[in-house]
Amino acid sequence: MFETATATLDWLGLIVFTITGALVASRKAMDFVGFAVLGTVTGVGGGTLRDLLLGAPVFWTERPAYLLAGVLVSGAVFFAAHLPQSRSRALVRLDAIGLALFAVAGAERALQAGASGTVAVVMGVVTATFGGVIRDLLGGDSPVILSREIYASAAAAGAVTFVSLTALGAPREIALGTGFVVALLIRAASLRWGWTLPRYRPPTGLPHR
Amino acid sequence: MFETATATLDWLGLIVFTITGALVASRKAMDFVGFAVLGTVTGVGGGTLRDLLLGAPVFWTERPAYLLAGVLVSGAVFFAAHLPQSRSRALVRLDAIGLALFAVAGAERALQAGASGTVAVVMGVVTATFGGVIRDLLGGDSPVILSREIYASAAAAGAVTFVSLTALGAPREIALGTGFVVALLIRAASLRWGWTLPRYRPPTGLPHR
Amino acid sequence: MFETATATLDWLGLIVFTITGALVASRKAMDFVGFAVLGTVTGVGGGTLRDLLLGAPVFWTERPAYLLAGVLVSGAVFFAAHLPQSRSRALVRLDAIGLALFAVAGAERALQAGASGTVAVVMGVVTATFGGVIRDLLGGDSPVILSREIYASAAAAGAVTFVSLTALGAPREIALGTGFVVALLIRAASLRWGWTLPRYRPPTGLPHR
């Protein structure tokens, strides 16, 4: 049951992030191989770095079905990328859903691998953000993780919620679900109402080298 | 004998890719250390990522001769980079040879490490393309993997050929040689006649966000 | 005692590089999360890649105190980044100190993990330079490792000094200290007097493709 819950989040996150990578490929008018590479790398990138950092086997080397799913989903986007009314809005929304899914799924995998709570939160953030970082770097966009809205913090909040509830003895599904909702709501609210955190300003207000 | 065949491909690929990295260093008028860093990183980059993803020991940590070769080859290019009539043409041709060498050598290493056929093909593509991706990112060029011509697909075709022939029981050297030739011919033909794959176009032909 | 010496260098290097990452965040007027991400990634980046390449457990997954230190130091910079008279000069000087610290600490860790002398030198350079490479890439700056002054060579000189003295039987602290001083002096002299290595020039002096 719990195995199912995590695996489901993993699969959903992979599909959602693969779509965002393929949407960027469509914006650059790439060919199908470009779609497959950029889509799949975006989908599996965060989990790959998480597994490397944890010293765990990289998840898709044991279950190549993940890679085939990435290629198939990218292929579907190749023919369907014109359907959403606004591609950039679809991209941002799917990215928010993937961020929330991977924040809790990444933290869960880290706990399963025996990591401490602090490391689990970091792994949630790594899993949730790294696919998008590669997508933006390869696609020539400015990385969304450094954007003005709340992004990495939303993933961190979701991962902290999940890890805390788990430490308090909450059932796995409740902890996963609550963490997901927390991350998604914070990110969605930030996008909807332009929430930001206070930014650095030199006290004098004078230009500063 | 078979050990020799793979090791030979590995060494040739490393030398060829190191030269391409050092040629980029010469275009940027770097000093010798820049040549050694950019050349060696390009030469060992693909195999390094492959080994990390496979959970295998990184090949050059066990045989530092690979690193010394990278530094020596880079040094030779420092004094010889003016010899080819067209440096950019030499770079593209050597890159094609390295791509074909590493596509089969990378897939072979993955099979040796016990990976499935699908994963072996992916590892062939990773080994063949990642050195060039780092080279282009560090050198400030647009990554050749996202270029308009057939690139990652040529590596994939070579790796698929090698893995399929191996699965069908072909002798290792035949499988390696055929895969190499397939990858090289596809890449060369794409460069020679401008072969491309169909690119994404929105059906309406209207601009699309 | 020797454990203490390496651990001290590691901690100092991490703090110093975290400050440089947070200073870049202040230049981009990021929010606190941007400071924490960019600072911590810069501080732990070099050691993380070193551990991955060595096949060793990533150091901060076993001691999360490193991550907490990165966040705390970044937070301190958030409030103190206006204090240095010249932020860019502070950044370059701290980067030089971190480079020298990590060059010997990285080589030492590699020797402890059983690596050969050549690999230990490479790991010293990787540890010393990779955090800064990520910082510059994420911050949108041109990577300092490709700058005109002596940078990677200073790290290599310090690591070679440390590895050679260790091979000659020098006490660990002497070898570490001497290597650190060598790396720092070379880098500082390069900055102070504009030392550079000879750069590539085509013999003809004619423009060259």
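Residues numbered from 1 in each chain as written. Chains lettered and ligands numbered in written order. Predicted model: local features only at pLDDT ≥ 70, side-chain atom pairs only at ≥ 80, totals over all residues. Heavy atoms only, no water.

**Thoughts on the overall build of chain A**
Next up, step 1: Scanning chain A from terminus to terminus reveals 8 helices and 0 strands.
Next up, step 2: Reading chain A from its N terminus to its C terminus gives the helix and strand order α-α-α-α-α-α-α-α.
Next up, step 3: Within the span of chain A, comprising 209 residues, buried residues form 53% of the whole.
Next up, step 4: Here the contacts in chain A between residues at least 6 apart in sequence split such that 75% fall between residues at least 24 apart.
Next up, step 5: Counting only carbon and sulfur atoms, one obtains 68% of the accessible surface of chain A, whose full area is about 8,600 Å². (Helix = DSSP H or I, 4+ residues; strand = E, 2+ residues; numbered from the N terminus. Buried < 20%, exposed > 50% of the residue type's maximum accessible area, 1.4 Å probe, protein only. Contact = heavy atoms within 4.5 Å. Areas by Shrake-Rupley, 256 points an atom, 1.4 Å probe, with all protein chains shown as cover.)

**Re the packing of helix H5 (residues 87-112) of chain B against helix H8 (residues 172-193) of chain B**
Residue and element names in this part refer to chain B.
Next up, step 1: At a minimum axis distance of 9 Å, the contact between H5 and H8 shows a crossing angle of 145°. In the packing of H5 onto H8, the handedness of the crossing is right-handed. Here Val92, Ala96, Ile97, Leu99, Ala100, Leu101, Val104 and Glu108 of H5 lie close against H8, whose contacting residues are Arg172, Leu176, Gly179, Phe180, Ala183, Leu184, Arg187 and Leu191.
Next up, step 2: The residue inventory of the contact of H5 with H8, partitioned by class, reads 12 nonpolar, 1 polar and 3 charged. (Axes fitted to C-alpha atoms, helices over the stretch in contact; angles between N-to-C directions. Left-handed = near helix turned anticlockwise from the far one by under 90°. Nonpolar A, V, L, I, M, F, W, Y, C, P; charged D, E, K, R; others polar.)

**Brief notes about the pattern of salt bridges**
In a structure, side chains of opposite charge can pair up when their charged atoms sit close to one another.
Next up, step 1: Applying the stated rule across the entire model yields 15 salt bridges over all chains.
Next up, step 2: For the salt bridge of B:Asp136 with B:Arg135, the shortest nitrogen-to-oxygen distance reads 3.0 Å. As far as burial versus exposure is concerned, B:Asp136 and B:Arg135 are alike and both buried.
Next up, step 3: Notably, a salt bridge pairs C:Arg172 with C:Glu108, separated by 3.2 Å at the nearest N-O pair. Placement of C:Arg172 in helix H8 (residues 172-193) and of C:Glu108 in helix H5 (residues 87-112) is noted, with a sequence separation of 64 residues between them. (Salt bridge = Lys/Arg side-chain N within 4 Å of Asp/Glu carboxyl O.)

**Some details on the relation of the copies chain C and chain A**
Two copies of one chain are present, and they are related through a rotation about an axis combined with an axial shift.
Next up, step 1: When chain C is brought onto chain A, the operation consists of a screw motion whose angular component is 120° and whose axial shift is 0.0 Å, with 0.0 Å RMSD remaining. As the rotation angle and translation indicate, the two copies are arranged about a three-fold axis. No C-alpha of chain C lies nearer the rotation axis than that of C:Leu52, which sits 4.3 Å from it.
Next up, step 2: Looking at chain C, a mere 4% of its interface residues are interface residues in chain A too, so the copies touch through different faces. (Least-squares fit on C-alpha atoms with pLDDT ≥ 70 in both.)

**Let's talk about the relation of the copies chain A and chain B**
Next up, step 1: Note on the copies: chain A fits chain B at an RMSD of 0.0 Å, the axial shift is 0.0 Å, and the rotation between them is 120°.
Next up, step 2: The residues that chain A uses at the interface reappear at the interface of chain B in only 4% of cases, marking distinct surfaces.

**Let's talk about the side chain of A:Ser26**
Next up, step 1: As for its placement among the helices and strands, A:Ser26 is situated in helix H1 (residues 2-27).
Next up, step 2: Overall, the relative accessible area of 4% leaves A:Ser26 in the buried class.
Next up, step 3: Look past the residues within four positions of A:Ser26 in its chain and what remains in contact with it is A:Phe35, A:Ala81, A:Arg87 and B:Tyr200.

**Focus: helix H4 (residues 65-80) of chain B**
Residues spaced three or four apart along an α-helix point in a common direction, a consequence of the helix completing one turn every 3.6 residues.
Next up, step 1: With 16 residues, H4(B) extends 22 Å from end C-alpha to end C-alpha; this agrees with the ideal 22 Å at 1.5 Å per step.
Next up, step 2: Turning to H4(B), its buried residues are B:Tyr66, B:Leu67, B:Ala69, B:Gly70, B:Val73, B:Ser74, B:Gly75, B:Val77 and B:Phe78. (Expected span 1.5 Å × (residues − 1).)

**Looking at the interface of chain A and chain B**
Next up, step 1: Between chain A and chain B, the residue contacts involve 26 residues of the former and 19 residues of the latter.
Next up, step 2: Approximately 2,100 Å² of surface area, both sides summed, lies buried where chain A meets chain B, with 69% of it carried by carbon and sulfur atoms.
Next up, step 3: Our enumeration of links across chain A and chain B arrives at 0 salt bridges.
Next up, step 4: Across the contact surface, chain A and chain B share 3 residue pairs in polar contact (both at pLDDT 80 or more).
Next up, step 5: Sorting the residues of the side of chain A that touches chain B by element identifies helix H2 (32-54), helix H3 (59-62), helix H4 (65-80) and helix H5 (87-112) of chain A as the ones contributing at least two each.
Next up, step 6: The element contributing the most residues to the side of chain A that touches chain B is H2(A), with 5 residues.
Next up, step 7: In terms of residue class, the side of chain A that touches chain B is built from 15 nonpolar, 7 polar and 4 charged. (Buried area = accessible area lost by both parts, 1.4 Å probe. Polar contact = N/O pair within 3.5 Å; in protein donor to acceptor, adjacent residues only side chain to side chain.)

**Things to note about the nonpolar core**
Next up, step 1: Ranked by internal contacts, the top residues of the largest apolar core, which has 127 residues, are A:Trp60, B:Trp60 and C:Trp60.
Next up, step 2: Leave out the neighbours within four places in its chain, and C:Trp60 touches A:Leu53, A:Val119, A:Val122, A:Met123, C:Val44, C:Thr48, C:Tyr66 and C:Leu67. (Core = buried A, V, L, I, M, F, W, Y, C linked by side-chain atoms within 4.5 Å.)

**Here we look at the confidence of the model for chain A**
Residue and element names in this part refer to chain A.
Next up, step 1: Overall, the predicted model of chain A reaches an average pLDDT of 89, with 93% of residues at or above 70.
Next up, step 2: Looking over chain A, one finds the lowest element-wise mean pLDDT in H1, namely 87, and the highest in helix H7 (residues 152-167), namely 96.
Next up, step 3: Among the scores for the predicted complex, ipTM is 0.87 and pTM is 0.91. (pLDDT = per-residue confidence, 0-100.)

**Digging into the interface of chain C and chain A**
Next up, step 1: Between chain C and chain A, the residue contacts involve 26 residues of the former and 19 residues of the latter.
Next up, step 2: Between chain C and chain A, a total of about 2,100 Å² is buried, with carbon and sulfur atoms accounting for 69% of that surface.
Next up, step 3: Considering only the surface of chain C that becomes buried against chain A, C:Asp31, C:His82 and C:Leu138 emerge as the three largest contributors, covering 23% of it.
Next up, step 4: Where chain C meets chain A, there are 0 salt bridges.

**Notes on unusual backbone geometry**
Residues and elements named next belong to chain B.
Next up, step 1: One non-glycine residue with positive phi stands out, namely Ala29, at about 55°.
Next up, step 2: Tracing the chain through its elements places Ala29 in the loop between helix H1 (2-27) and helix H2 (32-54).
Next up, step 3: Residue class for Ala29 comes out partly exposed when judged on its relative accessible area of 27%.

**Regarding the layout of surface pockets**
Next up, step 1: Here the second largest pocket defines a volume of roughly 570 Å³.
Next up, step 2: In terms of lining, the second largest pocket is formed by 38 residues, of which the most central are B:Leu52, B:Gly55, B:Ala56, C:Leu52 and C:Gly55.
Next up, step 3: By residue class, the composition of the lining of the second largest pocket is 24 nonpolar, 9 polar and 5 charged. (1 Å grid on protein atoms, 1.4 Å probe; cavity = no way out; pocket = protein on both sides within 12 Å on 5 of 7 lines; lining within 4 Å. Points joined across faces, edges and corners; volume = space filled by probe spheres on them.)

**Regarding the environment of B:Thr127**
Next up, step 1: Its place among the elements puts B:Thr127 in helix H6 (residues 117-139).
Next up, step 2: Note: C-alpha distance between B:Thr127 and B:Gly169 (42 residues apart in sequence) is 24 Å.

**Regarding the environment of A:Leu184**
Residues and elements named next belong to chain A.
Next up, step 1: For Leu184, the location among the structural elements is in helix H8 (residues 172-193).
Next up, step 2: Note: C-alpha distance between Leu184 and Ala56 (128 residues apart in sequence) is 27 Å.
Next up, step 3: In this view, Leu184 contacts Ala96, Ile97 and Ala100; residues no more than four positions away in its chain are not counted.

**Some details on the packing of H2(A) against helix H6 (residues 117-139) of chain A**
Residues and elements named next belong to chain A.
Next up, step 1: As a packed pair, H2 and H6 sit with axes 8 Å apart at the nearest point and diverge in direction by 140°. Relative to H6, the element H2 is oriented oblique. Considering the relative orientation of H2 and H6, their crossing is right-handed. Residues Leu38, Val41, Thr42, Gly45, Gly46, Gly47, Leu49, Arg50, Leu53 and Leu54 of H2 lie in contact with H6, whose contacting residues are Met123, Val126, Thr127, Phe130, Gly131, Ile134, Arg135 and Leu138.
Next up, step 2: Here the contact of H2 with H6 is built from residues that sort into 10 nonpolar, 6 polar and 2 charged. (Parallel < 35°, antiparallel > 145°, perpendicular 65-115°, else oblique.)

**Some details on the packing of aromatic side chains**
Next up, step 1: Under the definition given, this model contains 27 aromatic pairs over all chains.
Next up, step 2: Summarising the aromatic geometry, the rings of B:Phe59 and B:Tyr66 are spaced 4.9 Å apart at their centres and angled 80° between planes, so their arrangement reads as edge-to-face. Summarising the burial analysis for this pair, B:Phe59 and B:Tyr66 share the class buried.
Next up, step 3: An aromatic cluster is built from A:Phe32, A:Phe35, A:Phe78, A:Phe79 and B:Tyr200, whose rings are joined through pairwise contacts. (Phe/Tyr/Trp six-rings, centres within 6.5 Å; stacked < 30°, edge-to-face > 60°.)

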